[in-house]
Amino acid sequence: DNEIILSVKDLKTYIYVNNRCNRAVDGVSFNVHKGKTLGIVGESGCGKSITASSIMQLLPKLSRIESGEIVYHKDDEAIRIDLLERNGKPMRDLRGADISMIFQDPMTALNPVYTIGSQIKENLLYHTSMDKKSMTKKTIEMLEKMGIPLPHQRAEEYPHQFSGGMRQRVVISLALCCEPELLIADEPTTALDVSIQSQILELIKKLTKERNLAVILITHDMGVIAETADRVAVMKNGNL
């Protein structure tokens, strides 16, 4: 059961700033397998997050994938993500449904003016054909699964009413509500204290097993990697 779900071959993503070219990702290759966690570890600025953004096609304006391949294996087809338009429908359909991402800072991932529940529902609305009742049920279920107490009540609350650890759980439920095949977790525990950190990692580990989820875990923390990853890639200066 070592099915490859994502393969990255010789990926080069460059950022152009002030007439200079920063080779943020410079020839990176790796495979991600179903039900396994690949840890990508390295100091800040080594290109880990840009690698993740390349896979999601969420790159900053002045950067682009220069060469290489990102192939997502969906059912029997191989989708070349690197060739998809950043905001075209095929990419938007993949993003959030097949491939989801947990961002470093849960506050930027959540919209402060909408309730937690409505944000999860919006994701379901875009990617599934559920009716209102099922969406509400699924939202409550997700929050419950993430260990958020009083999910009915909390779904009606806003991001600022949640603690850091709870917000991070909400972000994970947002990422997982459409049952993606691949989860990219970019420093998912940076802002959290150690006990909550291990809870979040346990949660991700449990989901990997339960749902045969493939995970790319990006971090600079070897402890996190040791606790969670099946395989580890070390990144330095844009290379693995």
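Residues numbered from 1 in each chain as written. Predicted model: local features only at pLDDT ≥ 70, side-chain atom pairs only at ≥ 80, totals over all residues. Heavy atoms only, no water.

Here we take up the sheet that holds strand 4 (residues 63–74). Strand order across the open sheet formed by 4 strands is 2-1-4-5, with antiparallel pairing between neighbours. Of all the strands in the sheet, the pair left with one neighbour each is strand 2 (20–33) and strand 5 (77–80). Each strand axis lies, on average, 10° off the axis of its neighbour in the sheet, ignoring direction. As paired strands, strand 1 (residues 4–17) and strand 4 are joined by 8 bridges and run antiparallel to one another. In the sheet register, Thr13 faces strand 4, and the bridge partner there is Ile65. (Pairing = 2+ DSSP bridges. Helix = DSSP H or I, 4+ residues; strand = E, 2+ residues; numbered from the N terminus. Axes fitted to C-alpha atoms, helices over the stretch in contact; angles between N-to-C directions.)

Counted according to the given criterion, the structure contains 0 aromatic pairs. Sitting above the plane of the Phe162 ring, Arg154 keeps its charged end 3.9 Å from the centroid. (Phe/Tyr/Trp six-rings, centres within 6.5 Å; stacked < 30°, edge-to-face > 60°. Lys NZ or Arg CZ within 6 Å of the ring centre and 35° of its normal.)

It is worth spelling out the environment of Tyr114 at this point. Among the structural elements, Tyr114 can be located in the loop between helix 3 (106–109) and helix 4 (116–127). A relative accessible area of 46% places Tyr114 in the partly exposed class. Taking the C-alpha atoms as reference, Tyr114 lies 23 Å from Leu58; in sequence the two are 56 residues apart. Excluding anything up to four places from it in sequence, Tyr114 contacts Gln119, Tyr158 and Pro159. (Buried < 20%, exposed > 50% of the residue type's maximum accessible area, 1.4 Å probe, protein only. Contact = heavy atoms within 4.5 Å.)

This next bit is on unusual backbone geometry. Among all residues except glycine, the phi angle is most often negative; among peptide bonds, the trans geometry is most common. Non-glycine residue Leu150 carries a positive phi angle of around 50°. Inspection of the secondary structure puts Leu150 in the loop between helix 5 (132–145) and helix 6 (151–155). Although it is not a glycine, Asn237 adopts a positive phi angle of roughly 50°. Mapped onto the fold, Asn237 is located in the segment after strand 9 (231–234).

In this section: helix 7 (residues 164–176). Here helix 7 contains 13 residues, and its C-alpha end-to-end distance of 18 Å stays within 8% of the 18 Å for a straight helix at 1.5 Å per residue. Of all 13 residues making up helix 7, 12 are buried, and the element is well covered by its neighbours. Along helix 7, the residues classified as buried are Gly165, Met166, Arg167, Gln168, Arg169, Val170, Val171, Ile172, Ser173, Leu174, Ala175 and Leu176. Taken together, the buried residues of helix 7 touch strand 6 (99–102), helix 3, helix 4, helix 5, strand 7 (182–186) and helix 8 (194–211). (Expected span 1.5 Å × (residues − 1).)

So, about helix 8. Along its 18 residues, helix 8 runs 26 Å from first to last C-alpha, staying within 8% of the 26 Å computed at 1.5 Å per residue. Buried within helix 8 we find Gln197, Ile200, Leu201, Leu203, Ile204, Leu207 and Thr208. The buried side chains of helix 8 occupy one side of the element, clustering within an arc of 150° when seen end-on. Facing away from the buried side of helix 8 by over 90 degrees, the exposed positions are Val194 and Lys209. Residues of helix 8 that are buried in the fold lie against strand 3 (37–41), strand 6, helix 5, helix 7, strand 8 (214–219) and helix 9 (222–228). Just beyond helix 8, the residue with positive phi is Asn212, at close to 55°. (Arc of directions from axis to C-beta.)

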